[in-house]
Amino acid sequence: MALNPPLPAWPKCRVWVVGASTGIGAATAKVLLAAGSRVAISARNAERLAEIAGEHANARAEPLDYTDSAQVTAAWQRIRNAWGGVDLILIVAGAHLEIRAWELTEQNAMALLETNLHGVIKTTAAVLPALLAQGNGAIGIVSSVAGYRGLPKALVYGASKAALINFTETLYLDLHARGLGIYLINPGFVKTPLTDRNAFRMPHLISAEQAANAIVAGLVAGAFEIDFPKAFTWQLKLLRILPYRWYFALVRRATGL
Ligand SMILES: NC(=O)c1ccc[n+]([C@@H]2O[C@H](COP(=O)([O-])OP(=O)(O)OC[C@H]3O[C@@H](n4cnc5c(N)ncnc54)[C@H](OP(=O)(O)O)[C@@H]3O)[C@@H](O)[C@H]2O)c1
C-alpha cells in the first residue's frame, strides 16, 4: 500500500529539482521533462543548467548555492510566482569526500556537512511553510545506503547521510497527517561525476538514467523509501540488522580495510 498521497499526473506536475546540473539530479529532471512536467532545475553551475533548459521548453533554470538560505528563498519565491505553486521538490544535491579517521579535520568535516546536511535542511525549511499552507505537495530527499551503517572511507559522508535518513523519517512522521508526501531516496552506486573519482570496484553500479527511472517509479508507487538497485540494497538492509561483531567482521572482509 502506498505510504504517500498520489502526485499529480506528470504532465500536470510542477517539480523543483535542487542539484540538477549533473548526475542523478540532471537525469531525473530530464525524465520528468520528457514526461511533460514543468521542472525548475537548480545547482551552482549556471552554464550547465542553461544548456539543459535550452533543450526543454518546460524547463526553468534557477542557479543557486543551496547552502545559502537567501538564494534558496529567492528562487522558491520566483518559481511559485511563475507557476502558482509546486507539487514536488527533489533535493538531490550533495558531495562526496573520502575521509578516513586519520584524515579527519574540522575543515573537511564541516564543509561536507554544510553541503550534504545543512543545505538539505535549509532548503526544507524554506519550502515547508508554503507546502503546509497549500496542504499538499511532496518533498523527496536523496540520502544514500552509505547512511545505513558505518563504512570505511565514509567517515563524514556516511554520518551526513545517516542524519538525512533520520531527518526524512521524522519529516514523514510529522507531515503525513498534514497531507504532504515525503520520500527518502537511497541510491546504491550510480555512475556520476561524484563516483567517477572512486578508485575501488563499485558493486552493482548503475547509470544515472537507471537511477532516475527507479526514482520516478518509486514516486509513482508512493513509496516512502526508494532504494535501488534492489540486488544491492537488500544485502545492505540485511547487514543493517546484524550484531556488531558480525557486521564489523563482514565489512572488513568485503572491503579489505
Ligand atoms: N552516485 C552515487 O553512487 C550515489 C550513491 C548514493 C547517494 N548519492 C547521492 O546522490 C546525490 C547526487 O549525487 P550524484 O552522484 O548525482 O553526484 P553529482 O553528479 O556530483 O551531482 C551532485 C549535484 O549536486 C549539486 N550541488 C552540489 N553542491 C551544491 C550546492 N552547494 N548548491 C547547489 N547544488 C549543489 C551539483 O551541482 P553544482 O556543482 O553545479 O552545484 C550537482 O548537480 C548526492 O546527494 C549523493 O550523495 C549518490
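This is a predicted model, so every value here is computed, not measured.

Asker: Which residues make up the overall build of the protein chain, and what are the values?
Answerer: Helix and strand counts for the protein chain stand at 8 helices and 9 strands. For the protein chain, the C-alpha radius of gyration of 18 Å lies close to 18 Å, the compact-globule estimate for 257 residues. On the principal axes, the C-alpha backbone points of the protein chain span a range of 55 × 40 × 30 Å. The buried share of the protein chain, reckoned over its 257 residues, is 49%. Surface accessibility of the protein chain: about 12300 Å² in total, with carbon and sulfur atoms responsible for 59%. Seen as two clouds, the 24 positive and the 17 negative side-chain charges of the protein chain have centres 6 Å apart.

Asker: Before we move on, could you go through the site of the ligand and cite the residues and values that matter?
Answerer: Taken together, 30 residues lie around the ligand, and Ile-24, Arg-44, Tyr-157, Val-190 and Thr-192 are the ones closest in. Separating an oxygen atom of the ligand from a backbone N or O atom of Val-92 is a distance of 2.9 Å. Here an oxygen atom of the ligand sits 2.6 Å away from a polar atom, N or O, in the side chain of Tyr-157. Surface burial for the ligand is 92%, taken as the share of its 880 Å² of free accessible area covered by protein chains. Breaking the shell around the ligand down by element, the ones donating at least two residues are helix H1 (23-34) and helix H5 (157-175). Tallied by class, the residues present in the shell around the ligand amount to 14 nonpolar, 13 polar and 3 charged.

Asker: Help me get a handle on the sheet that holds strand E9 (residues 225-228), residues and values and all.
Answerer: Strand order in this open sheet of 7 strands is E3-E2-E1-E4-E5-E6-E9, and the pairing throughout is parallel. One side of each edge strand has no neighbouring strand; the edge strands of this open sheet are strand E3 (59-61) and E9. Sheet twist, expressed as the mean angle between neighbouring strand axes with direction ignored, is 15°. Docked against the sheet, helix H3 (residues 69-83) engages strand E1 (14-18), strand E2 (38-42), E3 and strand E4 (88-91), running at close to 160° with respect to E1. Its contacts with the sheet put H5 on strand E5 (138-142) and strand E6 (181-187), and the angle it makes with E6 is roughly 160°.

Asker: Describe in detail the pattern of salt bridges, supporting the description with residues and values.
Answerer: Counted according to the given criterion, the structure contains 10 salt bridges. Between Asp-196 and Lys-191 there is a salt bridge, with the nearest N and O atoms lying 2.7 Å from each other. You can call Asp-196 partly exposed: its relative accessible area is 44%. Of the residues examined, Lys-191 reaches a relative accessible area of 47% and is grouped as partly exposed. Across the pair Asp-227 and Lys-237 runs a salt bridge whose closest N-O atoms are separated by 4.0 Å. A residue pair is termed long-range when its members are at least 10 positions apart, and Asp-227 in strand E9 and Lys-237 in helix H7 (residues 230-240) qualify at 10 residues. By relative accessible area, Asp-227 is classed as buried at 7%. Bridged by salt links that share partners, the residues Glu-225, Asp-227, Lys-230 and Lys-237 form one connected network.

Thresholds applied
- Residues numbered from 1 in each chain as written.
- Predicted model: local features only at pLDDT ≥ 70, side-chain atom pairs only at ≥ 80, totals over all residues.
- Heavy atoms only, no water.
- Helix = DSSP H or I, 4+ residues; strand = E, 2+ residues; numbered from the N terminus.
- Rg over C-alpha atoms; globule rule 2.2 N^0.38 Å.
- Buried < 20%, exposed > 50% of the residue type's maximum accessible area, 1.4 Å probe, protein only.
- Areas by Shrake-Rupley, 256 points an atom, 1.4 Å probe, with all protein chains shown as cover.
- Lys, Arg positive; Asp, Glu negative; His and termini not counted.
- Charge placed at Lys NZ, Arg CZ, Asp CG, Glu CD.
- Near = heavy atom within 4 Å.
- Polar contact = N/O pair within 3.5 Å; in protein donor to acceptor, adjacent residues only side chain to side chain.
- Nonpolar A, V, L, I, M, F, W, Y, C, P; charged D, E, K, R; others polar.
- Pairing = 2+ DSSP bridges.
- Axes fitted to C-alpha atoms, helices over the stretch in contact; angles between N-to-C directions.
- Contact = heavy atoms within 4.5 Å.
- Salt bridge = Lys/Arg side-chain N within 4 Å of Asp/Glu carboxyl O.

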